Amino acid sequence: MAFPPLKNDLLLRAARGEETERAPVWVMRQAGRYLPEFQAVRAHHSFFEICRTPALAKELTLQPIRRYSGLIDAAIIFSDILVVPQALGMEVQMNPGPHFPDPLVVPADVEKLTKNVDVDKELGYVYEAITQTRQALNGEVPLIGFCGAPWTLFSYMIEGGGTKTFQKCKTWLFKYPEESKELLNRIADVCVDFLVGQVKAGAQLLQVFDSWAGELSPHHFEEFSLPSLQRISSGVRTKLAAANIPVVPMTLFPKGANTQLTALAEHAGYDVIGIDWCIEPAAARAAVGDKVALQGNMDPNLLYGGRAAIENEVKRMCEGFKGGKAPKAWIANLGHGITPGVDPDDLRWFFECVHKYSAA
């Protein structure tokens, strides 16, 4: 499949650990509810209907690229981490947050899941959206594909939605550790096929979102989450190599797992580690050394602080990541997703400030 040549490879160079003339920048959830043009489409279609309709997913993916053309350095396909549980046969509703009407309660419930998931059949709509979007981007910026991490997906599948306590899914980990590991591996295997399919469809970088990584103690993160994250990174690389497809950079966002950065940089098998705002950039760089690139990490709520606050914080963030040198192995981003109440013009200011203060 031939795609238009890429005109802006800043993101890919930074992900490979190279020095860049300025930091590439994008934000998680950039195709989101803060945009009036997103709300206009969403008014007529349900959330998962958009995910499953390639033309609509493409349109939402392109909206921030159009609005912030020349300021933004990546597109990320409009989809959701919970399409993987759907591919495993679970029902997921979005009203407005995720809800599983029939969650997994005890290990015997795993029997309800689809045994041999035909990922290409179940999630082919994501691939089609990626291919259409990659063509429509016309090489302006690279396109990111993604999935959720097994531990984060496992927690949703057992809790039945979001949770503050993680009581049900942690009961599984501690009461049924072997069954839990088996399920985490099953989820990981679907993620591998899904990510490989996204690269075949045109994704140029992959991100794995472990949103709940910080909910596990370092010991239990290492026991339960890390092996499935390694299974994904090694599985994707192996399958791409076997198909003679060039391996794309892979990013892991283990939100809140700031005590684990050294171990993740050494052992997880990713090119980029995303960090949240609860660690200073210099401390994160010291933890990972030059083994991986870093992505992050401004607190998304600073976007409500007004122009001066945004500018001051971007300047501080850039100084922290650059350490007095040209930007190297750093992708500027927020420390989590942008939230719905942000004024799009304040996000524009964030991008402009990153361009200004991250320049070599």
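Residues numbered from 1 in each chain as written. Predicted model: local features only at pLDDT ≥ 70, side-chain atom pairs only at ≥ 80, totals over all residues. Heavy atoms only, no water.

Peer 1: Hey, could you go over the sheet that holds strand S8 (residues 293–298) for me, with residue numbers and the actual values?
Peer 2: A sheet is described by the order of its strands in space; here 7 strands give the open sequence S1-S4-S5-S6-S7-S8-S9, paired in parallel fashion. On the outer flanks of this sheet lie strand S1 (75–76) and strand S9 (330–334), each paired with one strand and no other. Where helix H11 (residues 218–242) meets the sheet, its contacts fall on strand S5 (205–210) and strand S6 (250–254), and the angle it forms with S5 comes to roughly 165 degrees. (Pairing = 2+ DSSP bridges. Helix = DSSP H or I, 4+ residues; strand = E, 2+ residues; numbered from the N terminus. Contact = heavy atoms within 4.5 Å. Axes fitted to C-alpha atoms, helices over the stretch in contact; angles between N-to-C directions.)

Peer 1: Tell me about the layout of surface pockets, and please be specific about residues and values.
Peer 2: Estimated volume of the largest pocket: approximately 1100 Å³. When residues of the lining of the largest pocket are assigned to their parent elements, the largest contribution, 3 residues, is made by helix H2 (residues 36–42). Looking at the lining of the largest pocket residue by residue, the class counts come to 20 nonpolar, 9 polar and 4 charged. As for the second largest pocket, its lining consists of 16 residues, and the residues nearest its centre are Arg285, Gly289, Phe321, Lys328 and Ala329. Where the lining of the second largest pocket is concerned, the elements lending two or more residues are helix H13 (281–288) and helix H14 (307–322). It is H14 that contributes the most residues to the lining of the second largest pocket, 3 residues altogether. Split by residue class, the lining of the second largest pocket holds 6 nonpolar, 4 polar and 6 charged. (1 Å grid on protein atoms, 1.4 Å probe; cavity = no way out; pocket = protein on both sides within 12 Å on 5 of 7 lines; lining within 4 Å. Points joined across faces, edges and corners; volume = space filled by probe spheres on them. Nonpolar A, V, L, I, M, F, W, Y, C, P; charged D, E, K, R; others polar.)

Peer 1: Tell me about the nonpolar core, residues and numbers included.
Peer 2: If you look at the biggest cluster of nonpolar residues, it comprises 133 residues, and the most contacted ones within it are Phe154, Met157, Ile232 and Phe350. Counting residues per element, this core draws most heavily on helix H10 (residues 177–201), which supplies 12 residues. Excluding residues within four positions of it along the chain, Met157 makes contact with Pro85, Leu88, Met90, Phe100, Pro103, Leu104, Leu113, Leu183 and Ile187. (Core = buried A, V, L, I, M, F, W, Y, C linked by side-chain atoms within 4.5 Å. Buried < 20%, exposed > 50% of the residue type's maximum accessible area, 1.4 Å probe, protein only.)

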